[in-house]
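# Topology and contacts: notes
Residue-level listing of the chains:
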Amino acid sequence: MNKDLTVGEPEKVLWQFCLPLFGSIIFQQLYNIADSFVVGKFVGENALAAVGNSYEITLIFIAFAFGCNIGCSVIVSRLFGTKEYGEMKTAVYTSLIATAVLCGVLMLFGILCGDSLLLLINTPEEVFGDSKLYLDIYIWGLPFLFFYNVCTGIFSALGDSKTPFIFLAISSLSNIAVDILFVQGFRMGVAGVAWATFLCQGVSCVLAVIFVLRRLALIKSEKRAAVFSWRLLGKIAVIAVPSIFQQSFISVGNIILQGVINGFGPSVMAGYSAAVKLNNLVITSLTTLGNGISNYTSQNIGAGKMQRIKQGFQAGRKIVWMLCVPLVLLYLLAGRYLVYLFMEDITGKAIDTGVRFLRIVSPFYFIISIKLVGDGILRGAGLMGRFMASTFTDLILRVVLAFLLSIPFQETGIWYAWPVGWILGTCLTLFFYRSGPWMEPPKNAVEGN
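Report on the accompanying structure. (Residues numbered from 1 in each chain as written. Predicted model: local features only at pLDDT ≥ 70, side-chain atom pairs only at ≥ 80, totals over all residues. Heavy atoms only, no water.)

## Side note on the overall build of the chain
Applicable threshold: Strands are runs of DSSP state E lasting at least two residues, helices are runs of H or I lasting at least four, and both sets are numbered from the N terminus onward. Throughout, the radius of gyration refers to the C-alpha atoms, and the reference size of a globule is 2.2 Å times the residue count to the power 0.38. Burial here depends on accessible area, computed with a 1.4 Å probe over protein chains only, as a share of the maximum for the residue type. Under 20% is buried, over 50% is exposed, and the range in between is partly exposed. In what follows, a contact means two residues having at least one pair of non-hydrogen atoms within 4.5 Å. Computed by Shrake-Rupley with a 1.4 Å probe, the accessible areas treat only the displayed protein chains as cover when residues are assessed. Charge assignment in this entry is limited to Lys and Arg as positive and Asp and Glu as negative, and neither His nor the chain termini are counted. Note that the charge is assigned to NZ on lysines, CZ on arginines, CG on aspartates and CD on glutamates.
In terms of helices and strands, the chain carries 15 helices and zero strands. Since a compact globule built from 449 residues should have a radius of gyration of about 22 Å, the 21 Å found for the chain is in line with a globular shape. Principal axes of the C-alpha set define a box for the chain whose edges measure 70 × 45 × 35 Å. Taking all 449 residues of the chain together, 58% fall into the buried category. Taking the contacts inside the chain whose residues are at least 6 apart along the sequence as the reference set, 84% of them involve residues at least 24 apart. Per element, the accessible surface of the chain, about 17600 Å² overall, is 69% carbon and sulfur. Positive and negative side-chain charges in the chain, numbering 32 and 24 respectively, have mean positions lying 12 Å apart.

## Here's the deal with helix H13 (residues 384–409)
What counts is decided by this rule: What a helix is expected to span follows from its residue count: subtract one and scale by 1.5 Å. Bend is the name given here to the angle between axes fitted to two runs of seven residues, the run ending at a residue and the run starting at it.
In this model H13 runs 36 Å from its N-terminal to its C-terminal C-alpha over 26 residues, within 8% of the 38 Å that 1.5 Å per residue would give. At Ala-402, H13 is bent by approximately 25°, the largest bend along its length. The elements touched by buried residues of H13 are helix H8 (230–262), helix H12 (365–380) and helix H14 (411–434). Gln-410, located one to two residues past H13, shows a positive phi value of around 60°.

## Some details on unusual backbone geometry
In most cases, non-glycine residues show a negative phi, while peptide bonds are predominantly trans. A positive phi is found at Arg-187, a non-glycine position, where the angle reads about 55°. For Arg-187, the location among the structural elements is in the loop between helix H6 (162–185) and helix H7 (190–218).

## Some points on the state of the cysteines
The cut-off we apply is this: Count a disulfide wherever a pair of cysteine sulfur atoms falls within 2.5 Å.
For the coordinates displayed, the defined rule picks out zero disulfides. Cys-68 forms no disulfide, and the closest cysteine sulfur to it belongs to Cys-103, at a distance of 8.7 Å. Given the relative accessible area of 11%, Cys-68 is considered buried.

## Re H12
With 16 residues, H12 should cover 22 Å at 1.5 Å per step; its first-to-last C-alpha distance of 22 Å lies within 8% of that length. Of all 16 residues in H12, 14 are buried; the element is thus mostly enclosed. Once H12 finishes, Gly-382 follows within two positions and takes phi at roughly 80°, a positive value.

## Side note on the side chain of Thr-197
Note that Thr-197 resides in helix H7. You can call Thr-197 buried: its relative accessible area is 6%.

## So, the environment of Val-325
Mapped onto the secondary structure, Val-325 falls in helix H10 (residues 307–340). Separated by 98 residues in the primary sequence, Val-325 and Val-227 have C-alpha atoms spaced 46 Å apart.

## Brief notes about the packing of aromatic side chains
Aromatic ring pairs are defined here through the distance separating the ring centres and the angle between the ring planes. Keep this limit in mind: Stacked, edge-to-face and tilted are the three classes for Phe, Tyr and Trp ring pairs, Trp counted by its six-membered ring, which pair at centre distances within 6.5 Å; planes under 30 degrees apart are stacked, over 60 edge-to-face, the rest tilted. Charges are assigned to positions over rings by a cutoff of 6 Å between ring centre and Lys NZ or Arg CZ, combined with an angular limit of 35 degrees from the ring normal.
Overall, the coordinates contain 18 aromatic pairs when judged by the stated rule. Both rings, one in Tyr-272 and one in Trp-415, keep their centres 5.5 Å apart while their planes meet at 5°; by these two values the pair is stacked. In this pair, Tyr-272 sits in helix H9 (residues 266–302) while Trp-415 sits in helix H14, placing the two residues 143 residues apart along the sequence. This pair shows no difference in class: Tyr-272 is buried, exactly as Trp-415 is. Here Tyr-272 and Trp-418 contribute two aromatic rings whose centre-to-centre distance is 6.5 Å and whose plane-to-plane angle is 55°, an arrangement assigned as tilted. Separated by 146 residues along the polypeptide, Tyr-272 in helix H9 and Trp-418 in helix H14 bring together distant segments of the chain. Assessed through its relative accessible area of 1%, Tyr-272 is described here as buried. Each member of the aromatic cluster is reached from another via a ring pair, and the members are Tyr-272, Phe-357, Trp-415 and Trp-418. Lying over the aromatic face of Phe-211, Arg-214 brings its terminal NZ or CZ to 5.8 Å of the ring centre.

## Description of the side chain of Thr-152
Tracing the backbone shows Thr-152 in helix H5 (residues 142–157). Once you skip the residues sitting within four places of it in the chain, Thr-152 turns out to touch Asn-69 and Pro-164.

## Points about the nonpolar core
The condition that has to hold: Nonpolar cores were defined as sets of buried Ala, Val, Leu, Ile, Met, Phe, Trp, Tyr and Cys residues, with membership established by side-chain atoms within 4.5 Å.
The biggest cluster of nonpolar side chains holds 135 residues, and the ones touching the most others in it are Leu-142, Phe-146, Tyr-365 and Trp-418. Looking at this core, the element that brings in the most residues is helix H2 (residues 45–81), giving 19 residues. Excluding residues within four positions of it along the chain, Leu-142 makes contact with Phe-61, Cys-103, Leu-106 and Met-107.

## Considering the packing of helix H11 (residues 349–361) against H14
Where we set the bar: Inter-axis angles, ranging from 0 to 180 degrees, are taken between N-to-C directions of lines fitted to C-alpha atoms, where helices are fitted over the stretch in contact. Comment on the angle field: the value is read as roughly parallel under 35 degrees, roughly antiparallel over 145, roughly perpendicular from 65 to 115, and oblique elsewhere. For any pair of crossing helices, the crossing counts as left-handed if the nearer helix is rotated counterclockwise from the farther one by less than a right angle, and right-handed if it is rotated clockwise. Classification convention: Asp, Glu, Lys, Arg as charged; Ala, Val, Leu, Ile, Met, Phe, Trp, Tyr, Cys, Pro as nonpolar; all other residues, Gly among them, as polar.
Close contact between H11 and H14 brings their axes to 9 Å; oriented N to C, the two are set at 20°. Accordingly, the angle class assigned to the pair H11 and H14 is roughly parallel. Taken as a pair, H11 and H14 cross one another with a handedness that is right-handed. Two secondary-structure elements touch here, H11 through Lys-349, Thr-353, Arg-356, Phe-357, Ile-360 and Val-361 and H14 through Glu-411, Thr-412, Trp-415, Tyr-416, Trp-418, Pro-419 and Trp-422. Class assignment of the residues belonging to the contact of H11 with H14 gives a composition of eight nonpolar, two polar and three charged.

If you want it as structure tokens, here you go:
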């Protein structure tokens, strides 16, 4: 069902819209968590290190898919807010065509440069083969990743966060079962978890595309929508390209960090691989809530309701903090048992590494969550320069500090870099948010003074 985010109490509207988004990303993250869980339990520590190592490279491709999602979603939601339904359909078709071209280029890049990327991050010889195998299969599944992300962006733009949640819930739970079948039943090792993800994402993608096209057919427009528009592609690119750059630079930063971490050996790699999956579960969930606030912002700007943006920020802050409380407590109090889900032994350097990472980083989820809410508003308003500035500040600091602190403090110094980058990036985002046009008093209020 399509939902107008420009009417109703902002907090209630955002709760109803964002909670299914939160559930969706939890299930989406189960893909990667399931892969690590199954190989860690049924194959071994080196296999876990290999999957985690390849995962950092796959984040580059996810960054591009995320940018396509956001670019399409912001423009479609704005056209939906202004009720320009013909233009909205053209924006959807344009996004799908552009995504297909971009995906083809990235697949070619991945196939030709996979070995070089793994060598670039100092992949140890004992995990290189499995890392390459996982990465190759993942690259062939990129069309499923890209088109599914664009479709979820379209659903969100129309105010529908429940349909993607249903798709992902079914697909993710199926992925866990197929992971175990391929790895434990068919003894396929790392290849088994890669093929399981390929198959389950494929089914989810095909269903999402079918439902999007059916949903668009039910929306009546005055004239037949054009299949492609360079003008709308330009508008989408204004949002998508900075988002891609932002996520890509984050991915490149993570790859650089992975290269530093790889220097400490497979045990540290395995511990980090497990802990960073748990960390990404939270960060990606909070980012997705920020994406929902982008849709809320864009629809309200399209409807000319600027004062609802401030209310949306306050409501968004309350939502993310309420979600952070149980997650932070869980990671602090039960971190060892959560990391153990990916391991064969509850003692040892690998599990100690993962626990230490979570204990250092998780208390600062309250800070990074505010940044992600503010980023969602900046992105929804199209203020991409400000959005990128705060993100790059966070990333550059984390990468530089990771190098510097790893010298005196070994791998623990790398974990300290996360909170410092988050704090400074959040301060910059809040500064940009408070200088936005929504902070100006309404015109009628000014005239009445």
